[in-house]
Amino acid sequence: MSALLFTLRSAPAQRVDVGMLNPSALAGQPLADIAAISLHVGKRVLRVDELFELSGDDTADLVFRGDCSKLERIGAGMKAGRVTVEGDAGAYVGQGLLGGTISVTGNAGAFCATGMKGGRIEIAGDVGESAGGAIPGEMKGMAGGLLLVGGNAGDRLGDRMRRGQILVSGNAGDYCGTRMIAGTIAVAGSLGAYPGYGMKRGTLIVDAVPARMLPGFVDCGAHRLGFLSLLYASWKGLPGVFGRLDASACTVRRYMGDMGVTGRGELLVRG
Amino acid sequence: MIINGVTIDDTFAEAFGMRGIRLLITACNETWAMHSAVALTGFATSVIACGAEAGIERMLSPDETPDGRPGVSVLLFAVSSKELIKQIERRVGQCVLTSPTSAIFAGLDEGDPVPMGKTLRYFGDGFQTSKQIAGKRYWRIPVMDGEFLVQDTARMVKAVGGGNFLVLADTQMQALEACEAAIVDMRKLREIVMPFPGGVVRSGSKVGSKYKALSASTNDAFCPTLRGATKSELDERIGAVLEIVIDGLTDASVRLAMETGMRAVCRIGAAGGIRRISAGNYGGKLGQFHYHLREILS
């Protein structure tokens, strides 16, 4: 069997929801039925095979090829399998993901991994704003799983994040971890303004004290935190800088906040 | 059966089904990991009055522990799930949480859940936080030397308690030296502990007593000072009897431990004053595991 390949015939002018084209939804379906699935492109309704050229037959391993920056909800809600995007992807990549792996070789749009509960998303490039964050109207964002970002993350990374881990090898924008409920965000580069605004619980791990800190974060001193050795060990082998961390180097400077809310969150600055 | 001049009695050890658990204690160095482990497994020789039987299984090198620090693997056994859960909560709370630099983790991945951090976390008075790492939940409880890291839930399995054998020798010291040699070899094995002091027990018991309040009393048939006054199992040459009791996570591990220990005793042999090896049982009616000495050594 070979991967089921969706090659865009041309870049769509409007956004297209391709959330139903995921391994869990397509399992067991013959290629003819997959080709006949309806997709909404602006006001028009197109068959899958009008938008994509199809080849391959493995519904557990999907590949999107072409300019996919207008394709939204790629891999949404899938429980298992693998989805690869060759190039950029649109917004809501892996929305509500339950299991399996989504890989994007380029950049991803806004709200990547929102509502994700399990599995793994790897974005080789940048992610837009509110990656792992809650979409408007939702009480929580990412609720499990692992989001790996090779490049930079936009503003409000992990907004209202409930559980899971986000690892960013580059920089993160303003309000990183805002209104965070729990979970872990690690950023290897720099943070924008006011990380952890409204943060209730959860952990932000950074390499340097952010330039613009909220007054609601209080310095609790430098400490060896044993859980970090387990955390770093669990990341061993991951692509990017976090896969190479020394598991024994777990002394950090701990800031607790945001004291404007419950103040049980923490910003850990690695030594 | 006679091995190196030691008579192996045609009898069996009778052991019981118990609930067992393995826990991994780590600390900044071996010394402090051992302090914590010794406290955790203290006063745990017999379920008759201690609530649990426990011991140190082995030392762990940093590359064998979840947090990469030196550690100690301990085993605990109790007569029921409920009792084991109670013992874990009390012992971890009083002996590991209290011990400087310590952390504690589950040593078994399979089995029934035993709350550990799940209940101890409340010591954190609201400042405790949890982390889910690689599918396992841990609690970070702030304490005066930093944070106490404890896994949320450990796992317990069906286990075996009360495997045993008796060493009958000319003198007290000869019996003790033979038992010490046996313990040295047995402690190289995994999945077992010998819960009594130094692994050896001198106060073997029989079921019942002349006193109504006691369910067990001294095993007078093996007491050398009563040889002429009771229905003794000892002949005139036997000056002392010592027992080694074994608790293990599996039937096979207890069996192997008994064989290892008995062979060590037999190596000393009659030349070292060892006359017989026997075992304690209750007629085979109480315990579900029977370890026939001759079958094990054949």
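Residues numbered from 1 in each chain as written. Chains lettered and ligands numbered in written order. Predicted model: local features only at pLDDT ≥ 70, side-chain atom pairs only at ≥ 80, totals over all residues.

## Considering the overall build of chain B
No. 1: Counting its secondary structure elements, chain B contains six helices and 17 strands.
No. 2: For a compact globule of 298 residues, the expected C-alpha radius of gyration is about 19 Å, and chain B comes in at 21 Å, within 12% of that figure.
No. 3: Overall, chain B is about 65 × 45 × 30 Å in size when its C-alpha atoms are taken along their principal axes.
No. 4: The proportion of buried residues among the 298 residues of chain B is 46%.
No. 5: Once local pairs closer than 6 in sequence are excluded, the contacts in chain B between residues at least 24 apart make up 74%. (Helix = DSSP H or I, 4+ residues; strand = E, 2+ residues; numbered from the N terminus. Rg over C-alpha atoms; globule rule 2.2 N^0.38 Å. Buried ≥ 20, exposed ≤ 12 C-beta atoms within 10 Å, placed from the backbone. Contact = placed C-beta atoms within 7 Å.)

## Side note on the overall build of chain A
No. 1: Each helix and strand in chain A was counted, giving four helices and 17 strands.
No. 2: By the compact-globule yardstick of 18 Å for 271 residues, chain A fits well, its C-alpha radius of gyration being 19 Å.
No. 3: In terms of principal-axis extent, the alpha carbons of chain A reach across some 60 × 35 × 25 Å.
No. 4: The buried share of chain A, taken over its 271 residues, is 50%.
No. 5: Long-range contacts, defined here as pairs at least 24 residues apart, represent 43% of the contacts in chain A between residues at least 6 apart.

## Here's the deal with the pairing of strand β10 (residues 146-151) of chain B
Residue and element names in this part refer to chain B.
No. 1: Of all six residues in β10, five are buried, a share of seventy percent or more.
No. 2: By the bridge criterion, two bridges tie strand β6 (residues 103-106) to β10 in an arrangement that is parallel. Bridging across to β10, Ile 104 finds its partner in Val 150.
No. 3: Sheet analysis places strand β9 (residues 136-143) next to β10, joined by six bridges and oriented antiparallel. Looking at the pairing, Arg 140 lines up with Leu 149 of β10. (Pairing = 2+ DSSP bridges.)

## A word on the environment of Val 143 of chain B
No. 1: Looking at the secondary structure, you find Val 143 of chain B in strand β9.
No. 2: Through-space distance from the C-alpha of Val 143 of chain B to that of Pro 224 of chain B is 53 Å; in sequence the pair is 81 residues apart.

## Remarks on helix α4 (residues 172-186) of chain B
A turn of α-helix holds 3.6 residues, and therefore any two residues three or four places apart point the same way.
All names here are of chain B.
No. 1: For α4, spanning 15 residues, the distance from its first C-alpha to its last is 21 Å, which sits close to the expected 21 Å at 1.5 Å a residue.
No. 2: Here α4 has its buried residues at Gln 174, Ala 175, Ala 178, Cys 179, Ala 182 and Met 186. Along the axis of α4, the buried positions cluster into a sector of 130°, meaning they face one direction only. In this structure, α4 carries Met 173 and Val 184 as exposed residues pointing more than 90 degrees from its buried face.
No. 3: Lining the buried residues of α4 we find β11 (153-169), β12 (192-193), β15 (240-248), α5 (251-268) and β16 (274-278). (Expected span 1.5 Å × (residues − 1). Arc of directions from axis to C-beta.)

## What about the domain arrangement of chain B?
In many analyses, interface size is given as the accessible surface area lost on bringing the parts together.
Residue and element names in this part refer to chain B.
No. 1: Each assigned domain of chain B is listed here: domain 1 (2-14 + 160-297) and domain 2 (18-157).
No. 2: The C-alpha-based centres of domain 1 and domain 2 are spaced at 31 Å.
No. 3: Contacts between domain 1 and domain 2 engage ten residues on the former and 14 residues on the latter.
No. 4: Of the residues belonging to the side of domain 1 that touches domain 2, the class tally is seven nonpolar, one polar and two charged. (Domains from an automatic or database assignment. Nonpolar A, V, L, I, M, F, W, Y, C, P; charged D, E, K, R; others polar.)

## A word on the interface of chain B and chain A
No. 1: The interface of chain B with chain A comprises 14 residues on the first partner and 15 residues on the second.
No. 2: Of all the secondary-structure elements, those providing two or more residues to the side of chain B that touches chain A are β8 (129-133), β9 and β10 of chain B.
No. 3: Counting residues per element, the side of chain B that touches chain A draws most heavily on β8 of chain B, at four residues.
No. 4: Tallied by class, residues from the side of chain B that touches chain A come to six nonpolar, four polar and four charged.

## Some remarks on unusual backbone geometry
Residue and element names in this part refer to chain A.
No. 1: For the bond running from Gly 257 to Asp 258, omega is -5°, close enough to zero to count as cis.
No. 2: On the secondary structure map, Asp 258 appears in the loop between β16 (251-257) and β17 (265-270).
No. 3: Its identity as a non-glycine residue notwithstanding, Ala 113 has a phi of 70°, on the positive side.
No. 4: Its place among the elements puts Ala 113 in the loop between β9 (101-104) and β10 (120-123).
No. 5: Overall, Ala 113 belongs to the buried group, with 35 C-beta atoms counted inside 10 Å.
No. 6: Even without being glycine, Tyr 175 reaches a positive phi, approximately 55°.
No. 7: Of the residues examined, Tyr 175 has 25 C-beta atoms within 10 Å and is grouped as buried.

## Comments concerning the packing of helix α1 (residues 30-40) of chain B against helix α2 (residues 81-96) of chain B
Residue and element names in this part refer to chain B.
No. 1: Direction vectors running N to C along α1 and α2 enclose 145°, while the axes themselves pass 9 Å from each other. As for how α1 packs across α2, the hand of that crossing is right-handed. Across the interface between the two elements, Ser 36, Ala 39 and Leu 40 from α1 touch Arg 91, Val 92, Cys 95 and Val 96 from α2.
No. 2: Residues that form the contact of α1 with α2 fall into these classes: five nonpolar, one polar and one charged. (Axes fitted to C-alpha atoms, helices over the stretch in contact; angles between N-to-C directions. Left-handed = near helix turned anticlockwise from the far one by under 90°.)

## Quick word on the packing of α4 of chain B against α5 of chain B
Residues and elements named next belong to chain B.
No. 1: Put simply, α4 and α5 touch, their axes get as near as 8 Å, and they point 140° apart. The orientation of α4 with respect to α5, classified from their angle, is oblique. In the packing of α4 onto α5, the handedness of the crossing is right-handed. Residues Ala 178, Ala 181, Ala 182, Asp 185 and Met 186 of α4 lie in contact with α5, whose contacting residues are Ala 257, Thr 260, Gly 261, Ala 264, Val 265 and Ile 268. (Parallel < 35°, antiparallel > 145°, perpendicular 65-115°, else oblique.)

## Considering α5 of chain B
All names here are of chain B.
No. 1: With 18 residues, α5 extends 27 Å between its outermost C-alpha atoms, agreeing within 8% with the 26 Å of an ideal straight helix rising 1.5 Å per residue.
No. 2: Every buried residue of α5 is listed here: Val 254, Arg 255, Ala 257, Met 258, Gly 261, Met 262, Val 265, Cys 266 and Ile 268. Relative to the axis of α5, the buried residues are bounded by an arc of 165° and lie together on one face.
No. 3: Where α5 terminates, the next one or two residues include Gly 269, which has phi positive at roughly 70°.

## Quick notes on the nonpolar core
No. 1: In this structure, Leu 147 of chain A together with Ile 25, Leu 76 and Val 167 of chain B are the most contacted members of the largest nonpolar core, which totals 163 residues.
No. 2: In terms of residue count, β11 of chain B provides more of this core than any other element does, nine residues in total.
No. 3: When residues no more than four places from it in sequence are discounted, the contact partners of Leu 76 of chain B are Ile 21, Ala 44, Ala 52, Ala 54, Leu 84, Gln 87 and Ile 88 of chain B. (Core = buried A, V, L, I, M, F, W, Y, C linked by C-beta atoms within 7 Å.)

## Structural notes on the environment of Met 194 of chain B
All names here are of chain B.
No. 1: Inspection of the secondary structure assignment puts Met 194 in the loop between β12 and β13 (205-207).
No. 2: On the neighbour-count criterion, Met 194 (27 C-beta atoms within 10 Å) is buried.
No. 3: Considering only alpha carbons, one finds Met 194 and Ala 54, 140 residues apart in sequence, at a separation of 7.8 Å.
No. 4: With sequence-adjacent residues up to four places away left out, Met 194 is seen in contact with Gly 55, Ile 183, Met 186, Gly 199, Ile 244, Val 245 and Ile 246.

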